[in-house]
Amino acid sequence: MHHSKYTSLLLLALLGVHGCSSYQPTKDVWKGTKHLWYTYASPPASVDYDDKGDLTPGALRLAQHMLAIDGELTRLERVMLNADRPPSQEWISDILVKFPWLSGIAGVKYDGTILGHEPANSMKELDFIPLLYEDKKQRRSSLRGDVQITPLGPEVLLATPLYESSDFLGVICVHFDMRNLATQCQAVDKLIILSPYGLLWAGEYDFAQTPLAGLDWAHICRESSSGVVSNSHGKFLYQVRYLGNLPLVFAVAENDSFPKGNGGVEQGLAFFPKEREKLPPPPQPERKERADKGVPVFGQPEEVPLPAQPAEPGLVPVENGRNAEEISQGSQRSPLLQRGEPQRRRRTQVRERALEGEDILIERAPRPTKPVHVKPDLDLGPDVGGPQLPGGRPSPFGAATPSAPKEAPASVDTPPAPATQPPSAEPASEKPKESLLPGGRPSPFGSGTNSSQETKPDPTSQPEVKPEPQKPEAKPKESDVPTLPGGRPSPFGS
């Protein structure tokens, strides 16, 4: 008991010395920890460019034998992936020329109705209903494959689903016999091709003597994609290749010790299920058939533009089976496709809303104008009486003798009076009062009242017109005005 306590204390002391020593920086400890982590716990990935990935002799033989058939199937898959609309007759003829080993092309509606088939009279009776079901393991737009066993041999089917928005329309299906494809390729005699539903190509072997016969290939394809099977004669290497969602098994013998056969595919009838369950058409959600769409047409010829018929008097010209005056979709006559200055001018035009009844004239009030005010102390020019200083300014001392004041000029806003009436005098309230010295001369110190408090005339009011001019002020008596020596009046008053 005491021995274990001493051992624990010693280990803690050693860890404290090595892990928490002040002579070992934390950075060095972190570097050592990273080195150990990337060396043992999580080593970084690396690429070995010297490793060329040499295949075993059996895998290399399998790749060489299945290369030609795999290339043709890949070409067919690319074409079918692009077939996302109902095919035209030209497309059908073109694909039969590119792939001469195809047996035919069919269009199937979502309810199982065959819309068309090329060629029209097929020698094999095929069931296209399984292709209408969507595989939950793949996307709904992916290719779908199947194998149909017929009295004339197995037939491989490959279909492309058609959708309009979220509505399932049906499938375009091509079908072929694997024997037609294999005979057009080289080095396929050593190859066996099968599916979970039947034997497709037996090559030169007796299929019953191979280890491929009697196995549950549906289960094997779910568990592995490649492997080796063997029996008393030897081994076969196999590789699973998917055509859509249909697994195809390519197998080749590791040695030539297997018995030879006639290569007939009927050898596999005893090892594969003879009959498959008949499926009804898949249930589809309720939909409303649009009048302009209806059922997709299979094998419709492409539209060829026809020359426009000459217009006769009283008849509407017809072009391509429709009124020539109508604008078809994508036509250059459409206003949406027109370019240039006329289109830009049309954009700038604004169509006014039509008013009911007669047009209404809207009278707008005249814009108010600001009146012009003339300051009383403004220099009005040579018409102002009295002596003037150099520059045109009036003398602050006024005239030597008082003179009769002149009538004030009419206001700018006041209209001129008629010639028969005397000119109106300016109201006394608008004229500032001047301080006069004894003798009637104006005071050089200005008026006694503040000029800022003077009342501005109302521009809207008209001055009162007086029939008689203003009388001049009476002259002061000389006896009342103090004079300086020489007879001049004193500027300082009495």
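Residues numbered from 1 in each chain as written. Predicted model: local features only at pLDDT ≥ 70, side-chain atom pairs only at ≥ 80, totals over all residues. Heavy atoms only, no water.

Undergrad: I keep staring at the overall build of the protein and nothing clicks. Help me out?
TA: From N to C terminus, the protein includes 7 helices and 12 strands. Expressed as a percentage of its 494 residues, the buried residues of the protein come to 26%. Partitioning the intrachain contacts of the protein with sequence separation of at least 6 by distance along the chain shows that 56% fall at a separation of at least 24. (Helix = DSSP H or I, 4+ residues; strand = E, 2+ residues; numbered from the N terminus. Buried < 20%, exposed > 50% of the residue type's maximum accessible area, 1.4 Å probe, protein only. Contact = heavy atoms within 4.5 Å.)

Undergrad: For this particular structure, what's the right way to read the sheet that holds strand E2 (residues 114-118)?
TA: Sheets are built from strands that pair by backbone hydrogen bonding, the pairs being arranged parallel or antiparallel. Sheet architecture is open: 5 strands sit in the order E2-E1-E5-E4-E3, paired in antiparallel fashion. The open sheet has two edge strands with one neighbour each: E2 and strand E3 (144-150). With strand direction ignored, the average angle separating the axes of adjacent strands in the sheet is 20°. (Pairing = 2+ DSSP bridges. Axes fitted to C-alpha atoms, helices over the stretch in contact; angles between N-to-C directions.)

Undergrad: Just to check I follow, could you spell out the environment of Arg140 for this structure?
TA: By the element assignment, Arg140 lies in the loop between E2 and E3. The contact partners of Arg140, leaving out residues within four places of it in the chain, are Glu134, Pro161, Tyr163, Ser165 and Ser166. Separated by 3.3 Å, the side chain of Arg140 and the backbone oxygen of Ser165 make a polar contact. (Polar contact = N/O pair within 3.5 Å; in protein donor to acceptor, adjacent residues only side chain to side chain.)

Undergrad: Could you clarify how one ought to interpret the sheet that holds strand E8 (residues 226-230) in this entry?
TA: A sheet is described by the order of its strands in space; here 5 strands give the open sequence E7-E6-E10-E9-E8, paired in antiparallel fashion. The sheet is open, and its two borders are formed by strand E7 (198-201) and E8, each paired with just one other strand. With direction set aside, neighbouring strand axes in the sheet form an average angle of 30°. Note: strand E9 (residues 235-243) against strand E10 (residues 246-253), 8 bridges, orientation antiparallel. Among the inter-strand pairings, Leu243 is bridged to a residue of E10, identified as Leu246. The sheet strands contacting helix H3 (residues 57-81) are strand E6 (191-195), E9 and E10, and the helix crosses E9 at an angle near 20°.

Undergrad: How do you make sense of the confidence of the model for the protein when you look at a structure like this?
TA: Detailed conclusions should not be drawn from predicted coordinates in areas where pLDDT is low. Mean pLDDT over the protein works out to 74, with 58% of the residues at or above the 70 mark. Low pLDDT, under 50, characterises residues 450-455; the predicted model gives this stretch 1 contact beyond four residues in sequence or across chains. (pLDDT = per-residue confidence, 0-100.)

Undergrad: Sorry if this is basic, but what is going on with the pattern of salt bridges here?
TA: This structure, assessed with the given rule, holds 9 salt bridges. Note that Arg241 and Asp70 form a salt bridge whose closest N and O atoms lie 2.7 Å from each other. Taken together, the positions of Arg241 in strand E9 and Asp70 in helix H3 put the pair 171 residues apart, joining distant regions of the chain. The exposure class of Asp70 is partly exposed, given its relative accessible area of 23%. Among the salt bridges present, the one from Lys98 reaches Asp94, with a minimum N-O distance of 3.4 Å. Of the two residues, Lys98 and Asp94 are both situated in helix H4 (residues 89-98); the distance of 4 residues between them amounts to about one turn of the helix. For Lys98, a relative accessible area of 44% gives the class partly exposed. Overall, the relative accessible area of 37% leaves Asp94 in the partly exposed class. Where salt bridges share partners, they join Lys124, Glu155, Asp177 and Arg179 into one cluster. (Salt bridge = Lys/Arg side-chain N within 4 Å of Asp/Glu carboxyl O.)

Undergrad: What am I meant to see in unusual backbone geometry here?
TA: Both trends apply: most residues other than glycine have a negative phi, and most peptide bonds are in trans. The peptide bond linking Glu118 to Pro119 adopts the cis configuration, its omega dihedral lying at 0°. Structurally, Pro119 is set in the loop between E2 and E3. Phi is positive for Ser165, close to 60°, though the residue is something other than glycine. By the element assignment, Ser165 lies in the loop between strand E4 (153-164) and strand E5 (167-176). In this structure Ser165 comes out as exposed when scored by relative accessible area, which is 66%. Look at Ala187: it is not a glycine, yet its phi comes out positive at around 60°.

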